[in-house]
Amino acid sequence: MSTPSVTPGPFVPSRFLKRQLYAVGVGTAVTLSAFVVWPPLTAWLLTTDFLPHSFCYLGNHRLVWTNVVADSLIAFAYLTISVTLGYLGYKGRRDIPFHWMFLAFGLFILACGGTHLMELITIWIPVYIVSALVKLFTAAVSLTTAAVLPFTVPHAFELVRQARTSERVTANLRASEERKEALLREVHHRVKNNLAVICSLFYLQSTHTKDEHTADIFRDMENRVHSMALVHERLYGSENLARIDFAEYALTLAKDIFSSQGSLSVPVRLKTELEPVIMGVDLAVPCGLILNELISNALKHGFPNSADGEINLTLRSGPDGQCTLRVMDSGVGIPTDLEPNTSKSLGLRLVRSLTQQIRGTFELVNTNPGTSARLQFRADHHAG
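Because the structure is predicted, anything quoted here is derived from the model rather than measured.

*Asks:* Can you break down the environment of H116 residue by residue, with the values?
*Replies:* As for its position among the elements, H116 is in helix 4 (residues 99-121). Classification of H116 by relative accessible area gives partly exposed; the value is 21%. H116 sits 38 residues away from Y78 along the chain, and the two C-alpha atoms are 9.3 Å apart. The contacts of H116, once residues within four sequence positions are left out, are D71, I74, A75 and Y78. Side chain to side chain, H116 and D71 meet in a polar contact 3.0 Å long.

*Asks:* Which residues make up unusual backbone geometry, and what values do they have?
*Replies:* With an omega dihedral of 5°, the bond running from N368 to P369 counts as a cis peptide bond. Mapped onto the elements of the fold, P369 is located in the loop between strand 6 (361-366) and strand 7 (371-378). Within the chain, R359 stands out as a residue other than glycine whose phi angle is a positive 55°. Residue position: R359 is located in the loop between helix 9 (346-357) and strand 6. On the basis of relative accessible area, R359 is assigned to the exposed category, the value being 55%.

*Asks:* Describe the packing of aromatic side chains, with residues and values.
*Replies:* In this structure the tally under the stated criterion is 3 aromatic pairs. A centroid spacing of 5.8 Å and a plane angle of 55° characterise the contact between W65 and W124, whose relative ring orientation is tilted. Residue W65 is found in helix 3 (residues 61-91), and its partner W124 is found in the loop between helix 4 and helix 5 (128-207); the two are separated by 59 residues along the sequence. What makes W124 partly exposed here is its relative accessible area of 45%. For the pair F202 and F218, a centre-to-centre distance of 6.2 Å together with 40° between the ring planes defines the contact as tilted. Of this pair, F202 sits in helix 5 while F218 sits in helix 6 (residues 212-237), and the two are 16 residues apart along the sequence.

*Asks:* Mind laying out helix 3, listing which residues take part and the relevant values?
*Replies:* Since the α-helix packs 3.6 residues into each turn, any two residues three or four apart lie on the same face. In this model, helix 3 (31 residues) spans 45 Å end to end at C-alpha, consistent with the 45 Å of a helix rising 1.5 Å per residue. All of the buried residues along helix 3 are V64, V68, D71, A75, S82, L85 and G89. Two or three places before R62, at the start of helix 3, stands the capping residue N60, its side-chain oxygen 3.0 Å from that residue's backbone nitrogen.

*Asks:* Please provide a residue-by-residue account of the sheet that holds strand 6, values included.
*Replies:* The strands making up a sheet associate through hydrogen bonds between their backbones, and the pairing can be parallel or antiparallel. Spatial strand order, 2-4-5-7-6: 5 strands in an open sheet with mixed pairing. The open sheet terminates on both sides in strands that have one partner only, identified here as strand 2 (268-274) and strand 6. Direction aside, neighbouring strands of the sheet carry axes that sit 10° apart on average. Sheet topology places strand 4 (residues 309-317) next to strand 5 (residues 322-329); 7 bridges connect them, and they run antiparallel. Bridge assignment links I311 to a residue of strand 5, and that residue is D329.

Rules behind the numbers
- Residues numbered from 1 in each chain as written.
- Predicted model: local features only at pLDDT ≥ 70, side-chain atom pairs only at ≥ 80, totals over all residues.
- Heavy atoms only, no water.
- Helix = DSSP H or I, 4+ residues; strand = E, 2+ residues; numbered from the N terminus.
- Buried < 20%, exposed > 50% of the residue type's maximum accessible area, 1.4 Å probe, protein only.
- Contact = heavy atoms within 4.5 Å.
- Polar contact = N/O pair within 3.5 Å; in protein donor to acceptor, adjacent residues only side chain to side chain.
- Phe/Tyr/Trp six-rings, centres within 6.5 Å; stacked < 30°, edge-to-face > 60°.
- Expected span 1.5 Å × (residues − 1).
- Pairing = 2+ DSSP bridges.
- Axes fitted to C-alpha atoms, helices over the stretch in contact; angles between N-to-C directions.

Here it is in structure tokens:
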């Protein structure tokens, strides 16, 4: 969800303001040059032929120390504020509109703190010429800041107006996003319900079919549709409506397949080692169908005559986005005359087709005992 950016209009200083800034810069440069070229100037500025300011307070200690404490606190506060404004203006020079105003205010407040500091010094050391120059500098900075500030007021109001507009647009976008999310959640819910109805139809048809081979076909189709319905059920119940954790989905699907095969009385145990893998619908559905075929085939063909055994389901994710889904069983293994890459079995043909769809690789090998089916794919090739 994107929000409109707030962009202030350009600030164009007036000719008077440019001259004022130029005068302050030239005056500062001339002053510093004078101290370098003419050293006696320093002695003149620091002359102490006057009476200390404490004489004006009649030597009253309470009055003196009241002014000392007050000027000290004010100078410290001004220094802290000016450093904070200067740091904020420097750090936010690319993000804060009119960041130079923070620098200008920082200099202004620093100059005001300097006047209070000189008031503190002249209580005992009568360097009134330096104090006067500090006040003169403070006056120049104050006038410059006062001249700059009015030009920024229209831009400040424009920023406030744009911020309010942006806030309203953001609220509308958020409301629209919530409506879309509710609609998408309802879509997943209805797709899941429709697929559940199809599963029920396959189940009913399998119970009314006298031919056992045909009934098996209907049960296989029921399991395949159920694997797709489970994806939408997971999405409907998750916070992210576009992506699911395939590890949780695979565990639920495997348990459902074992439960549906309970009528075969196959004493096979399920062991899992699943790492979290987040993926979108376009990848979860074909991977779920492949997993359904692999587990179903292992239960049907790997353990004849109700043989005991186990099926290991593992899911691993590498740092480069490469994922490995493996189904291993301790059954009788695949027939010697079966070629997985060319077999016309519907299940293996479906697995090969779906593997190509997700741009993965699949291999099925004997492990003596049992069979190992491994699917490799990249989860980051599919945007959720």
